[in-house]
Amino acid sequence: MGFFELFSTALAGFYALIPSYGLAIILLTLAVRLLLLPLSIKQTKSMREMQAIQPEIKRIQAKHKGDRQKMNEELMALYKEHGVNPFGGCLPLLMQFPVLIGLFYVIQKPLKYMGDIVESSALADGLREIPIQINSFLGIHLNCSAGGTLSGSIDPNLTGIEQQLAQSCGRGLATALPYLALVLAMGFTTYYQQKQMQRSTPNSPQAQQMQMITKVMPLLLMVFSFNFPAGVVVYWVTTNLWTIVQQRIILKAHPPVVVGAAAGAVIPKKKAPAAAKATTGSASKASANGGKQPAKTASKPHPSSKKKRKK
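Bear in mind that the values here come from a model prediction, so they are computed numbers and not experimental data.

A. Quick look at the packing of helix H6 (residues 96-108) against helix H13 (residues 230-253). Contact pair H6 / H13: the axes reach a minimum separation of 9 Å and the direction vectors enclose 150 degrees. If you check the angle between H6 and H13, you find them roughly antiparallel. Contact residues: Gln96, Val99, Leu100, Leu103, Phe104 and Ile107 in H6; Gly231, Val232, Tyr235, Trp236 and Thr239 in H13. Of the residues assigned to the contact of H6 with H13, the class counts are 8 nonpolar, 3 polar and no charged.

What follows is the structure, given as structure tokens:
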């Protein structure tokens, strides 16, 4: 079974459970997220551990400021000791792209990638007989895009069912509004998800890197998804919503690490005022004498007073 046939088979299987093409895509999204769940939990734990060893990282960086090779060697040894992967945060995101590519082609030309196993499925039969109804979901067509709907352009190479589906997208701003709203939802949920992770790991290298990613990534994805089939954008929005809820649960189970406490730092006590010190000192002496204040020593008379008495 080929790469694209794998996704068409999965969609056909979920469609057999719930006869809705849009819900089949959402179920496929949840299945992918469940498969990636152990990796996501490991990623969150790794980021927490990175936050805990920040003082040690800064100490190594300061110690080998002029020797980059030695600094990298000691940092890698530190990461290995604590079981931390500094690039682990990018792995769940990177693993989403093969799924996006697979869905992109399968939704555009679904019958092309349905092999012998899926040819007689309910999804394949529906796409042959009533393709427009099958692709309709919550007022949009899963095969259409915001950019294609605005421009109204149709690929001249499309034939048969693909051409029929492309013509069903319509054109104009009013028709494109639901697709534009879906693209905006994808951008907002991407931004919120990354901001959530950034807030959870303050003062860490990941947080500094995430600041740039948080600004750029949602905009880039919105530009790309402008010409993506709506089914792919539905997948991405569902992924973001799942990740937001998942991160909230995982971060609650693994609260932030206090960097000073993790490094064994001792918070210095505030110095007591001079008057308080004197009071404390006299109180301690009194307790040593059974609670009695020490007797005052008699002051010696001034020499001048002695002379006056003699006279």
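B. Structural view of the packing of aromatic side chains. Within this structure, the stated rule accounts for 8 aromatic pairs. Taking the centre distance of 6.4 Å and the plane angle of 40 degrees together, the rings of Phe97 and Trp236 count as tilted. Of this pair, Phe97 sits in helix H6 while Trp236 sits in helix H13; the two residues are 139 residues apart in sequence, bridging distant segments of the chain. Given a relative accessible area of 5%, Trp236 falls into the buried group. The interplanar angle of 85 degrees and the centroid separation of 5.3 Å between the aromatic rings of Phe104 and Tyr105 together place this pair among those described as edge-to-face.

C. Representation of the state of the cysteines in the model. Enumeration according to the criterion identifies 1 disulfide in this entry. The partner cysteine of Cys144 in its disulfide is Cys169, sulfur to sulfur 1.8 Å. One quick way to see it: the torsion about the S-S bond of Cys144 and Cys169 is about -90 degrees, and its sign makes the bridge left-handed. In this pair, Cys144 sits in the loop between strand S2 (140-141) and helix H9 (146-151) while Cys169 sits in the loop between helix H10 (160-167) and helix H11 (173-200), placing the two residues 25 residues apart along the sequence.

D. Expanded view of the nonpolar core. Residues Leu11, Tyr21, Leu28, Leu103, Leu123, Leu182 and Tyr235 are the most contacted members of the largest nonpolar core, which totals 41 residues. Every element with two or more residues in this core is listed here: helix H1 (3-17), helix H2 (21-52), H6, helix H7 (122-129), H11 and H13. It is H13 that contributes the most residues to this core, 7 residues altogether. Each residue touching Leu182, except ones within four places of it in the same chain, is listed here: Ile140, Ala230, Val233, Val234 and Val237. If you look at the next biggest cluster of nonpolar residues, it comprises 9 residues, including Ile57, Leu75, Leu78 and Tyr79.

E. Focus on the confidence of the model for the protein. Per-residue pLDDT for the protein averages 76, and the proportion of residues at 70 or more is 72%. In this model residues 259-288 is a low-confidence stretch, pLDDT under 50, and it forms 12 contacts with partners more than four residues away in sequence or in other chains. Counting contacts from residues 304-311, a segment whose pLDDT is below 50, to residues more than four positions away or on other chains yields 1 contact.

F. Geometry of the pattern of salt bridges. If you walk through the whole model with that rule in mind, you get 2 salt bridges. Measuring nitrogen to oxygen at the nearest pair gives 2.6 Å for the salt bridge that ties Arg59 to Glu56. Of the two residues, Arg59 and Glu56 both sit in helix H3 (residues 54-63), 3 residues apart, roughly one turn of that helix. On the basis of relative accessibility, which here comes to 31%, the residue Glu56 falls in the partly exposed class. Of the charged contacts in the structure, one is a salt bridge between Arg128 and Asp125, with a shortest N-O distance of 3.2 Å. Residue Arg128 and its partner Asp125 are both found in helix H7; the two are separated by 3 residues, about one turn of the helix.

G. Spotlight on H3. Gln54, Ile57 and Ile60 are the residues of H3 that are buried. Looking straight down H3, one finds its buried side chains confined to an arc of 125 degrees; they lie on one side. For H3, the exposed residues lying more than 90 degrees away from the buried face are Lys58, Ala62 and Lys63.

H. Main features of the environment of Ile132. One can find Ile132 in helix H8 (residues 131-134). Residue class for Ile132 comes out partly exposed when judged on its relative accessible area of 27%. Between the C-alpha atoms of Ile132 and Ala166, which are 34 residues apart in sequence, the distance is 9.5 Å. Other than its neighbours up to four places away in sequence, Ile132 contacts His141, Gln164, Leu165 and Ser168.

Criteria and thresholds
- Residues numbered from 1 in each chain as written.
- Predicted model: local features only at pLDDT ≥ 70, side-chain atom pairs only at ≥ 80, totals over all residues.
- Heavy atoms only, no water.
- Axes fitted to C-alpha atoms, helices over the stretch in contact; angles between N-to-C directions.
- Helix = DSSP H or I, 4+ residues; strand = E, 2+ residues; numbered from the N terminus.
- Parallel < 35°, antiparallel > 145°, perpendicular 65-115°, else oblique.
- Contact = heavy atoms within 4.5 Å.
- Nonpolar A, V, L, I, M, F, W, Y, C, P; charged D, E, K, R; others polar.
- Phe/Tyr/Trp six-rings, centres within 6.5 Å; stacked < 30°, edge-to-face > 60°.
- Buried < 20%, exposed > 50% of the residue type's maximum accessible area, 1.4 Å probe, protein only.
- Disulfide = S-S within 2.5 Å.
- Core = buried A, V, L, I, M, F, W, Y, C linked by side-chain atoms within 4.5 Å.
- pLDDT = per-residue confidence, 0-100.
- Salt bridge = Lys/Arg side-chain N within 4 Å of Asp/Glu carboxyl O.
- Arc of directions from axis to C-beta.

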